[in-house]
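Observations on the model geometry
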Amino acid sequence: MKDLEDRQERIDNLKGMGCSRKRVEDARFTQGKGKYVDDVNLPGMLHGDFVRSPYAHARVKSINIDAAMALDGVVAVLTAKDLEPLALHWMPTLAGDKQMVLADGKVLFQGQEVAFVVAKDRYIAADAVELVEVEYEELPVLVDPFEALQSDIVLREDIKDEKEGAHGPRRHHNHIFLWEEGDKEATEQVLDEAEVVAEEMVYYHRTHPCPLEPCGSVASMDKINGKLTLWGTFQAPHVVRTVASLLSGIEEHNIRVISPDIGGGFGNKVGVYPGYVCSIVATIVTGQPVKWIEDRMENLMATAFARDYWMKGKISATKEGKITGLHCHVTADHGAFDACADPTKFPAGFFHICTGSYDIPVAYVGVDGVYTNKAPGGVAYRCSFRVTEAAYFIERMIEVLAMELNMDAAELRRINFIREDQFPYQSALGWEYDSGDYHSAWDKALAAVKYDELRAEQAQRVEDFKAGKTRKLLGIGLTHFTEIVGAGPVKNCDILGMGMFDSCEIRIHPTGSAIARLGTISQGQGHATTFAQILASEIGLSADSITIEEGDTDTAPYGLGTYGSRSTPVAGAATAMAGRKIRAKAQMIAAYLLEVHDNDLEWDVDRFVVKGAPERFKTMKDIAYAAYNQAIPGVEPGLEAVSYYDPPNMTYPFGAYICVMEIDVDTGEHEIRQFYALDDCGTRINPMVIEGQVHGGLTEALAIAMGQEIAYDDMGNCKTGTLMDFFIPTAVETPHYTTDHTETPSPHHPIGAKGVGESPNVGGVPAFSNAVHDAFRAFGLRQSHMPHDHWRIWKTANDLGLHG
Amino acid sequence: MIPSEFEYHRPGSIAAALAVLEEHGDDARVMAGGHSLIPMMKLRMADVPHLIDLQAITELKGIAVEGGTITIGAMTTQHELITSDELAAAAPIMREAALLIADPQVRYVGTIGGNVANGDPGNDMPGLMQCLDATFTLQGPDGTREVQARDFYEAAYMTDREDDEILTKISFAAPKGGQAYEKQKRKIGDYATAAAAVILEKVDGKVASASIAMTNLSDTPVFSADAGAALVGSDCGADAVSDAVSAMLGDIDPTEDNRGPVEFKKHVAGVILRRAIERAWSRA
């Protein structure tokens, strides 16, 4: 008994996997001691600011910088003409397109960068922006992607005659690509012959990740030693270094990219923005460090948006509700340039996960990318690439099908779930789902909320409403989502040619503490906390004795960065694998010290023990010391390891979410009475961090579903460029969340972990939206587009004749 | 979001503030809490070469309830309005309305004077002041004068205040009867989609007097005398309330914005007014 207690104490002391260890980052963040890009201040540093287009589509007739240059303290005003000799007036996008760095002859969206002012302080730079005189000739504007595909108006004159794009043929001058997956003919045949078909247009509106910290960079060129240092808000610092090298011609070893503390990314900080390029050019030109920090309005209006998918769906089933086929055509509004952040071969990301949690025998997806006069982007806002669009689509189609079948939507899901014995499951659109137990999760969720009682209450509410006893309806929003994260196998996933592996490098110090460096970069995920826990369990040193470092390309191993919930599935795996290399060497050292054969030892929490002789052991601390102070025959001194991990497959986290919502049909206001979130992210590393991730992701989902959007008027003016109109929930608007879990480890991941950061956004949006729809189901509502803000809910009620 | 250069003045008395105003004329503006003016300056939509901060002027602060009259200094913050028990006892609608303005951080700095003087149709206090039939005191180079809140507002950001005047205090008789302030907004910190201030006096089960004002439904606050008149003499029953709502709808003139189209705003205005009347009547 005492031995067992000792052993448990040793496990507890490690603070390894499964422990709700407090986040080590928070000591500095909660005291305002984080170090962000804007905290970088260098001697002689200059400040950049942009002249931006007030028009969504216009020809730039002339730019006069004389008055700006005459202002005391202005050092330079860069325009496309200045960048052209360096071939930097355009830059490649992550999606195989190119994008203007500074307006080259015309502007294509409101807020587009036209000129870059560099001045001795931030105030002078802002004053000089006002003095740059730009003459525009307005052009007709296209904000509707369907209209854009028909229109004679040419947006991208630079490529108007190019019939072949980065992802195949272009059939119109405003067309970017058609990307298809699945068996179109077979799907259409199934639909034609089906007993029941439900058809709906599902729009996932344009929104924006809006991280608390906007984007920015500080570039510093040391002309003496030829080295460029670049601090920036980068979710993928190593890729930025490679791109900066390719664009600038500076050799990669002479570029150091540093992502310091980052105040949230959510996909917004994956891409490369003109500000980064201009700060680099400006430091090279002036020889002085140059800082560029955008403001909130610039962030909302000009940096990467998310979503904006018009998804036309058809789903077929038998009369009993067994789904037989799924057809989807997407009109994807990409804005002025195709700057989507997706793996190269996937111009619509992983949208073809849109068969969701269901066993659908045949399916087809076609996605048309379209140019419009809107800001470029198309990033994964707290989701894996286009997965939240896919989840929203299928979870809406299920609800619509349930209406068509006059069936309970929970039951319809249950009879169509992929069964536990079907994993690994090959989906009709080409994915291999690694593991899952959807039925167990679903049953647990329905029981937790007392689903049958809720339905009875809802039926009574409808009666009361019809009898004039209440003006509030009750909605029960169901979602069972399947995520696909952890991009990804290098054989089919790359960013600008860089395979999407990730890495970890571990160095054990003589006294039994360690530093581990990774190719990822935390933006609030808590990597310094959780990666140390993975290592603690693997190598038997306390997480408190392990420093995690990321984000400096001069010290960290190459990695593809943090987005798409890939850190735990990929870098977390690399961490475990590197840890195992450490342990393998430690075993050889322990064998030498204990004078036994390697195979006579077994690992026990934090030590190697001689089999059958538990009193004979060497702790990891003992071994670490020995690695540095003894000559061990056949073993190199030191204790270090590195792992570059190429995952064999994606991971497929899933979850069951249920939202219970009261809706006031007269004012369009809503109140969330209950939100239950069950997540299965495989092995759980830190339950408290998971809960925090779920809370944050659900709150962003709430924002998106209930009010957040990037909206344009017909002239292409952005109507939601400030936080007055762009909805960010406060504590008042945020409901209480009940979190729960099941645990189905990934069979191919070294520790079975699947990733969780983005699940709540993927599953949350359909749960909130389905609750709104469900409240009106009794009155025949099939589809009303998000965001479900007050006036849109009111309009729904009004259109259904509920206002008398 | 970087303002152009400006000179910052922090006078310690009303006289000193007026002197700076007089010296710089159109180039100067007074600032109370700054929640409207500073963002406008950062957006460079307001050019203010001389900014006169009134925060140091102690004679502009304070709440007094004397002989049935309430007097509030212009630089009294929303937070001070909320935490004054004396005010809450004399005019509970003030606390109810102030709690619906923005968030605590804003209310620690935002003032009643700034709220009423700026002429922003989204602000809550102007409509409430009209409902209370408040009097604004303005002080300028030629002395002081008084203007009724119901006569003060001309158009969005246009008021009866002259450029060389400072709004120094607000006074109104302690309201009699039931009071309610009802507001619909999209989120904390937002302006009203629609808001209603209602005061009803009940005598023998009938409405003896009624005062109704609406917020953010026109380019000025809307005091609807007809809406009030529709209730007077009634038992505040369904027909009278409907008449009041109809009268109010005739007086407002909302415009479409991100909160929704005109049709929606009118509908919500009606719902909000009904709720405010109902609550005020229950308290009368």
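**Description of the overall build of chain B**
- Along chain B, the regular secondary structure elements total 12 helices and 14 strands.
- Relative to the 2.2 N^0.38 estimate, which gives 19 Å for 284 residues, the radius of gyration of chain B is 19 Å and therefore close to what a compact globule would have.
- C-alpha extents for chain B along the principal axes are approximately 55 × 45 × 35 Å.
- Measuring between centres, the 25 positive side-chain charges of chain B sit 8 Å from its 42 negative side-chain charges.

**Topic: the interface of chain B and chain A**
- Each partner contributes residues to the interface: chain B has 24 residues there, and chain A has 27 residues.
- Between chain B and chain A, a total of about 2200 Å² is buried, with carbon and sulfur atoms accounting for 56% of that surface.
- Linking chain B with chain A are 5 salt bridges, by the criterion used here.
- Across the pair Arg275 of chain B and Glu669 of chain A runs a salt bridge whose closest N-O atoms are separated by 4.0 Å.
- There are 12 residue pairs in polar contact (both at pLDDT 80 or more) connecting chain B and chain A.
- Contributions of two or more residues to the side of chain B that touches chain A are made by β11 (178-185) and α12 (262-283) of chain B.
- By residue number, the principal contributor to the side of chain B that touches chain A is α12 of chain B, which donates 6 residues.
- Of the residues assigned to the side of chain B that touches chain A, the class counts are 10 nonpolar, 6 polar and 8 charged.

**Regarding a nonpolar patch on the surface**
Residues and elements named next belong to chain B.
- Side chains of Met1, Met40, Leu43 and Met45 sit close together on the surface and give an oily, nonpolar patch of about 360 Å² of accessible area.
- Assignment of secondary structure puts Met40 in helix α2 (residues 37-42).
- Among the residues examined, Met40 registers a relative accessible area of 31% and is labelled partly exposed.

**Focus on the pattern of salt bridges**
- Following the criterion strictly, the structure yields 75 salt bridges over all chains and no others.
- With its nearest N and O atoms 3.0 Å apart, the salt bridge here joins Asp421 of chain A to Arg419 of chain A.
- Judged by relative accessible area, which is 58%, Asp421 of chain A ranks as exposed.
- Between Asp799 of chain A and Lys795 of chain A there is a salt bridge, with the nearest N and O atoms lying 3.0 Å from each other. Of this pair, Asp799 of chain A and Lys795 of chain A are both found in helix α20 (residues 790-799), 4 residues apart, which corresponds to roughly one turn of the helix.
- Here Asp799 of chain A falls in the exposed class, since its relative accessible area comes to 56%.
- Taken together, the salt bridges that share partners define one network made up of Asp725 of chain A together with Arg186, Asp190, Asp257, Arg259 and Lys265 of chain B.

**As for the pairing of strand β31 (residues 613-619) of chain A**
- Alignment of strand β30 (residues 607-610) of chain A against β31 of chain A, held across 4 bridges, turns out to be antiparallel. Residue Arg607 of chain A lies in a different strand from β31 of chain A, and its bridge partner there is Thr619 of chain A.

**Some remarks on the packing of aromatic side chains**
Residue and element names in this part refer to chain A.
- All chains considered together, the criterion is met by 37 aromatic pairs over all chains.
- Measuring from centroid to centroid gives 5.7 Å for Tyr358 and Phe417, while their planes differ by 10°, and the two rings are stacked. With Tyr358 in the loop between β18 (323-335) and β19 (363-371) and Phe417 in the loop between α12 (409-416) and β21 (425-426), this pair connects stretches of sequence that are 59 residues apart. Both residues of the pair, Tyr358 and Phe417, belong to the buried class.
- An angle of 70° between the planes, with centres 6.0 Å apart, marks the rings of Phe417 and Tyr438 as edge-to-face. You can see Phe417 sitting in the loop between α12 and β21 and its partner Tyr438 sitting in helix α13 (residues 438-448), a full 21 residues away along the chain.
- Members of the aromatic cluster, each reached through a chain of ring pairs, are Phe50, Phe116, Phe234, Tyr273, Tyr276 and Trp292.

**Observations regarding the sheet that holds strand β1 (residues 46-52) of chain A**
Residue and element names in this part refer to chain A.
- Pairing is mixed in the open sheet, where 7 strands are placed in the order β3-β7-β1-β16-β13-β14-β15. Of all strands in the sheet, those bounded by a partner on one side alone are β3 (74-78) and β15 (255-258). Strand-to-strand, the axes of this sheet are offset by a mean angle of 20°, without reference to chain direction.
- Here β1 pairs with strand β7 (residues 113-119) via 6 bridges, running antiparallel. Looking at β7, one finds that Gly48 is bridged to Val118.
- Helix-sheet contacts for helix α9 (residues 274-286) involve β1, β3, β7, β13 (216-222), β14 (227-232) and β16 (290-293), and the interaxial angle to β13 is about 25°.

**Some words on the packing of helix α15 (residues 527-539) of chain A against helix α16 (residues 567-594) of chain A**
Residues and elements named next belong to chain A.
- The N-to-C vectors of α15 and α16 enclose an angle of 35°; their axes lie 9 Å apart at closest approach. The crossing of α15 and α16 is right-handed. Contacts between α15 and α16 pair His527, Phe531, Ile534, Leu535, Ser537, Glu538 and Ile539 from the former with Ser567, Thr568, Ala571, Gly572, Thr575, Ala576, Gly579, Arg580, Ile582 and Arg583 from the latter.
- Of the residues that constitute the contact of α15 with α16, the class distribution is 7 nonpolar, 7 polar and 3 charged.

**Things to note about the nonpolar core**
All names here are of chain A.
- Counting 183 residues, the largest nonpolar core has Met311, Phe350, Phe351, Val367, Phe675, Phe768 and Phe776 as the members making the most contacts within it.
- It is helix α11 (residues 387-405) that contributes the most residues to this core, 12 residues altogether.
- Ignoring anything within four residues of it in the chain, the contact list for Phe776 reads Leu473, Ile663, Val665, Leu781, Ile793, Thr796, Ala797, Leu800 and Leu802.
- Ranked by size, the runner-up nonpolar core spans 49 residues in total, among them Ala573, Ala574, Phe608 and Ile751.

**Description of the environment of Ile159 of chain A**
Residues and elements named next belong to chain A.
- Its location among the elements puts Ile159 in the loop between α6 (145-148) and β9 (164-165).
- By relative accessible area, Ile159 is classed as buried at 8%.
- Spatially, the C-alpha atoms of Ile159 and Asp97 are 10.0 Å apart, while their sequence positions differ by 62 residues.
- Filtering out sequence-adjacent residues up to four positions away, Ile159 remains in contact with Lys98, Arg170 and Tyr371.

**Here's the deal with unusual backbone geometry**
Residue and element names in this part refer to chain A.
- A cis amide bond links Phe423 with the next residue in sequence, Pro424, at an omega value of -5°.
- Residue Pro787 is bonded to the preceding Met786 through a cis peptide linkage, with omega at -5°.
- Counting through the fold element by element, Pro787 comes out in the loop between α19 (759-775) and α20.
- Of note, the phi angle at Arg382 is positive, near 45°, even though the residue is not glycine.
- Within the element layout of this structure, Arg382 appears in the loop between β20 (377-379) and α11.

**Focus on the domain arrangement of chain B**
Residues and elements named next belong to chain B.
- Considered domain by domain, chain B is made up of domain 1 (7-52), domain 2 (60-173) and domain 3 (178-283).
- Each of domain 1 and domain 2 has a C-alpha centre, and the two are 19 Å apart.
- Contact with domain 1, which involves 11 residues of that partner, is made by 15 residues of domain 2.
- Taken together, both faces of the contact between domain 1 and domain 2 bury some 1100 Å²; the carbon and sulfur share is 69%.
- It is Ile14, Leu18 and His35 in domain 1 that bury the most area against domain 2; as a group they hold 41% of the surface buried on that side.

**Looking at the environment of Leu478 of chain A**
All names here are of chain A.
- Inspection of the secondary structure assignment puts Leu478 in strand β23 (residues 472-482).
- Along the chain, Leu478 and Ala771 lie 293 residues apart, while their C-alpha atoms are 7.1 Å from each other.
- When residues no more than four places from it in sequence are discounted, the contact partners of Leu478 are Glu395, Glu399, Ala409, Ala410, Arg413, Trp442, Tyr451, Arg455, Tyr657, Ile658, Pro766 and Asn770.

**Some thoughts on the sheet that holds strand β12 (residues 192-203) of chain B**
Residues and elements named next belong to chain B.
- Strand order in the open sheet made by the 4 strands is β11-β12-β13-β14, with antiparallel pairing throughout. Sheet topology places β11 and β14 (222-223) at the edges, where each strand pairs with a single neighbour.
- Sheet analysis places β12 next to strand β13 (residues 206-215), joined by 9 bridges and oriented antiparallel. Residue Ala196 lies in a different strand from β13, and its bridge partner there is Met214.

**Overview of a negative patch on the surface**
Residue and element names in this part refer to chain B.
- Residues Glu22, Asp26, Asp27, Asp47, Asp142, Glu154, Glu162, Asp163 and Asp164 make up a contiguous surface patch of negative charge.
- Residue placement: Asp142 occurs in the loop between β6 (135-140) and β7 (143-148).
- Since its relative accessible area comes to 80%, Asp142 is described here as exposed.

What counts and how
- Residues numbered from 1 in each chain as written.
- Chains lettered and ligands numbered in written order.
- Predicted model: local features only at pLDDT ≥ 70, side-chain atom pairs only at ≥ 80, totals over all residues.
- Heavy atoms only, no water.
- Helix = DSSP H or I, 4+ residues; strand = E, 2+ residues; numbered from the N terminus.
- Rg over C-alpha atoms; globule rule 2.2 N^0.38 Å.
- Lys, Arg positive; Asp, Glu negative; His and termini not counted.
- Charge placed at Lys NZ, Arg CZ, Asp CG, Glu CD.
- Contact = heavy atoms within 4.5 Å.
- Buried area = accessible area lost by both parts, 1.4 Å probe.
- Salt bridge = Lys/Arg side-chain N within 4 Å of Asp/Glu carboxyl O.
- Polar contact = N/O pair within 3.5 Å; in protein donor to acceptor, adjacent residues only side chain to side chain.
- Nonpolar A, V, L, I, M, F, W, Y, C, P; charged D, E, K, R; others polar.
- Patch = residues over 30% accessible without salt bridge, like charges linked within 9 Å, V, L, I, M, F, W, Y side chains within 5 Å.
- Areas by Shrake-Rupley, 256 points an atom, 1.4 Å probe, with all protein chains shown as cover.
- Buried < 20%, exposed > 50% of the residue type's maximum accessible area, 1.4 Å probe, protein only.
- Pairing = 2+ DSSP bridges.
- Phe/Tyr/Trp six-rings, centres within 6.5 Å; stacked < 30°, edge-to-face > 60°.
- Axes fitted to C-alpha atoms, helices over the stretch in contact; angles between N-to-C directions.
- Left-handed = near helix turned anticlockwise from the far one by under 90°.
- Core = buried A, V, L, I, M, F, W, Y, C linked by side-chain atoms within 4.5 Å.
- Domains from an automatic or database assignment.

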